[in-house]
Amino acid sequence: MADTPLTHPQPRPAFLTSHWWGALSVCDFSQSARAERPGGRGRGLRRLCGMRRLCPRLGPSALLWAARGPRRLSLGAAPGMEELLRRSVPPLPPYETKEKAPPPAELLGAEFVRFYRGLQPGPPRAELLTRLARDFGVEHGRVAEAAAKVLQAREQRREPGALLQAEDRLRYYLTPQYRGLFQHLGRLEGGLRFLVELRADLVEGLASKAVDGPHVKEMNGVLRNLLSEWFCTGFLTLERVTWQSPCEVLQKISDSEAVHPVRNWVDMKRRVGAYRRCYFFSHCAIPGEPLIVLHVALTSDISSSIQAIVKEVPPLETEDADKITTAIFYSISLTEQGLQGVELGTHLIKRVVKELQKELPQIKAFSTLSPIPGFTKWLVGLLSSQSKEQGRNELFTEREWQEISEITGDSTSETLKKLLNTNEWVRSAKLAGLLQPALMRLCAWYLYGEKHRGYALNPVANFHLQNGSVLWRINWMGDTSPRGIGASCGMMVNYRYFLEDTASNSALYLASKQVRASEQVLALVAQFQQNSKL
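In this report, the structure presented in the accompanying data block is examined. None of the values given here were measured: they were computed from a predicted structure.

Comments concerning the side chain of Gln177
The topology assignment puts Gln177 in helix H10 (residues 177–187). In contact with Gln177, other than residues within four places in its own chain, are Val89, Pro90, Pro91, Leu92, Asp135, Phe136, Gly137 and Glu139.

What follows is the structure, encoded as structure tokens:
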């Protein structure tokens, strides 16, 4: 069947447009209201009533400000960036009066949200984030003074109560001022969503070097830790996606699928239909909206190819439960980049396992079918280091390299590198057959033996090994899509979860950095060690 545009067959209600769906804050709502109602008497009252329904927890002042819009601030004209930060970031009160300090005005928090969202993405927001991190961090003078009191209490061998109070004072002054702003914003209606958006800008800015430096990195860590507290499992709801789910949910899941892109609505219907399950976590402050999504295939054995799972076939009407003995986790995707580093994936897998055990108790095997991002890049890097020394060969046996050179017509690794970078090597069945045993053992070593600070270099491997899985099986041509060939020479890997062993496996990996692996993987690793000279 030919691909069709990704358009849901049911029309999207006007009130569920993407603009409104993102407008959960005071400021966005007032702006959209202003755009939709350019004139007419009673406009402010209608806005105010709308804001009361949307944000029942906001006080009258903040509601009145949002209804009037940013041009009618009671405090005067719109402030500049420096003035806004000075007004919005609450100063850290003295330790002795910390319990008596009044909370910041809701109006100032809403003003900060409006100002930030009014800035263009890129340099303007980067400047604000840099100033916030640099000028409103820890007060080092107070920290030094508090640290000196801790040392003094220890040297004087004062009673435990005095030492504990000195340590508490030090902890208090180690709190950056902008943390108070984040805490205040997190209490506002729509504030948690805004903080996730702000951290997404931070993550993107740090990756692109648009924002940089130790102060910004520290602020990113502080905000990540706050979000980890606010997005703990007690505040998360597990929801299953079906074809009857709201079209906005289906659209967001489709748009955010990062592992195996959704081709069209037929493909999406298949992924939530028979012999498939799709689950997501939502947050009580952002109900019904996917934060992280897990796709599951229900099969009779451990799958070795993603094509069999995501291929476009007419969905079956009913499931035969007797054919289901295995659950394959084949895709997990974060929908909000601002939640990177927040532990959601591990908890989602554990919750889904429990859900499947209740629904389908006959399932005995739980496994992933995972991509191996970075393998091809790692391999090409090794070939590049070889090419610097003429005739050097550390990856292949002499016979393998001789046969490969005869096909490529090049005794160096340059041609092979080009073929790997362009995916052209798969066009030659003979070359692919020659490369298979070498690539399989190289991939096994990449997953099992290549380390970063003692843990698996590959991020997907590290994630599942931390969860207590076993490096189970490497699958040749498990993903024949251009993306799969380019990222991992078409190979995929199963990480198998033996539920009775996950806790001990996880503890072993985290404490001793030991990887549990199957006989197939260990045999490939042994071949690598025998035939390669890395």
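Section: unusual backbone geometry
In the Ramachandran plot, Arg157 falls in the positive-phi region, its phi being about 50° despite a non-glycine side chain. With respect to the secondary-structure elements, Arg157 resides in the loop between helix H8 (140–155) and helix H9 (160–173). Residue Arg157 is classed as exposed on the basis of its relative accessible area of 77%. In this model, Lys209 sits at a positive phi of 70°, which is unusual for a non-glycine residue. Examined against the element boundaries, Lys209 turns out to sit in the loop between helix H11 (191–208) and helix H12 (214–230).

Overview of the pairing of strand S9 (residues 492–497)
In terms of residue burial, S9 counts as a mostly covered element, since six of its six residues are buried. Side chains Met492, Asn494 and Arg496 project from S9 onto one buried face, and the interleaved Val493, Tyr495 and Tyr497 project onto a second face that is buried too. As defined by bridge partners, strand S5 (residues 365–368) adjoins S9 across two bridges and the pair is classed as antiparallel. Counted as the bridge partner of Phe366 is Tyr497 from S9. Bridge analysis of strand S8 (residues 470–475) against S9 gives five bridges, and the strand direction is antiparallel. Paired with Leu471 across the two strands is Tyr495, which belongs to S9.

Some points on the pattern of salt bridges
For the structure shown, the criterion picks out 24 salt bridges. Close ionic contact of Lys98 with Asp168 constitutes a salt bridge, the shortest N to O distance being 3.4 Å. Within this pair, whereas Lys98 is found in the loop between helix H5 (81–88) and helix H6 (106–118), its partner Asp168 is found in helix H9, the two being separated by 70 residues in sequence. For Lys98, a relative accessible area of 27% gives the class partly exposed. Across the salt bridge formed by Arg142 and Glu139, the nearest N and O atoms sit 3.7 Å from each other. With relative accessibility at 25%, the residue Arg142 sits in the partly exposed group. Classification of Glu139 as partly exposed rests on a relative accessible area of 29%.

Points about the packing of aromatic side chains
As enumerated under the stated definition, the model contains 16 aromatic pairs in all. Between Phe112 and Phe194, the aromatic rings sit 6.2 Å apart at their centres with planes inclined by 85°, giving edge-to-face as the arrangement. With Phe112 in helix H6 and Phe194 in helix H11, this pair connects stretches of sequence that are 82 residues apart. Here Phe112 and Phe194 have matching classes, each one buried.

Description of the environment of Gly338
In this fold, Gly338 is placed in the loop between strand S4 (326–334) and helix H16 (345–359). Expressed as a C-alpha distance, the spacing of Gly338 and Asp201, which sit 137 residues apart in the sequence, is 7.5 Å. Setting aside residues no more than four positions away along its own chain, Gly338 makes contact with Val196, Arg199, Ala200 and Leu227.

Details of empty space enclosed by the protein
Rolled over the atoms, a probe with the dimensions of a water molecule shows which regions are left empty. Summed over the entire model, instances satisfying the criterion amount to two cavities of 30 Å³ or more. Space inside the second largest cavity adds up to approximately 30 Å³. Here the residues of the lining of the second largest cavity are counted per class, giving three nonpolar, three polar and one charged.

Quick word on the environment of Arg441
Relative to the elements of secondary structure, Arg441 occurs in helix H20 (residues 429–448). Between the C-alpha atoms of Arg441 and Phe528, which are 87 residues apart in sequence, the distance is 5.3 Å. Ignoring anything within four residues of it in the chain, the contact list for Arg441 reads Leu395, Phe396, Thr397, Glu400, Leu524, Gln527, Phe528, Asn531 and Ser532. A polar atom in the side chain of Arg441 sits 3.4 Å from the backbone oxygen of Leu395.

A closer look at the sheet that holds S4
Here seven strands make up an open sheet; going across it, the order is S1-S2-S3-S4-S5-S9-S8 and the pairing mixed. The open sheet has two free edges, formed respectively by strand S1 (236–240) and S8, since each of these has just one partner strand. With direction set aside, neighbouring strand axes in the sheet form an average angle of 30°. When strand S3 (residues 292–299) meets S4, the two strands line up antiparallel, connected through eight bridges. Looking at S4, one finds that Thr299 is bridged to Thr326.

What counts as what
- Residues numbered from 1 in each chain as written.
- Predicted model: local features only at pLDDT ≥ 70, side-chain atom pairs only at ≥ 80, totals over all residues.
- Heavy atoms only, no water.
- Helix = DSSP H or I, 4+ residues; strand = E, 2+ residues; numbered from the N terminus.
- Contact = heavy atoms within 4.5 Å.
- Buried < 20%, exposed > 50% of the residue type's maximum accessible area, 1.4 Å probe, protein only.
- Pairing = 2+ DSSP bridges.
- Salt bridge = Lys/Arg side-chain N within 4 Å of Asp/Glu carboxyl O.
- Phe/Tyr/Trp six-rings, centres within 6.5 Å; stacked < 30°, edge-to-face > 60°.
- 1 Å grid on protein atoms, 1.4 Å probe; cavity = no way out; pocket = protein on both sides within 12 Å on 5 of 7 lines; lining within 4 Å.
- Points joined across faces, edges and corners; volume = space filled by probe spheres on them.
- Nonpolar A, V, L, I, M, F, W, Y, C, P; charged D, E, K, R; others polar.
- Polar contact = N/O pair within 3.5 Å; in protein donor to acceptor, adjacent residues only side chain to side chain.
- Axes fitted to C-alpha atoms, helices over the stretch in contact; angles between N-to-C directions.

So, to be careful, I would describe these as geometric facts and stop short of saying anything about function.
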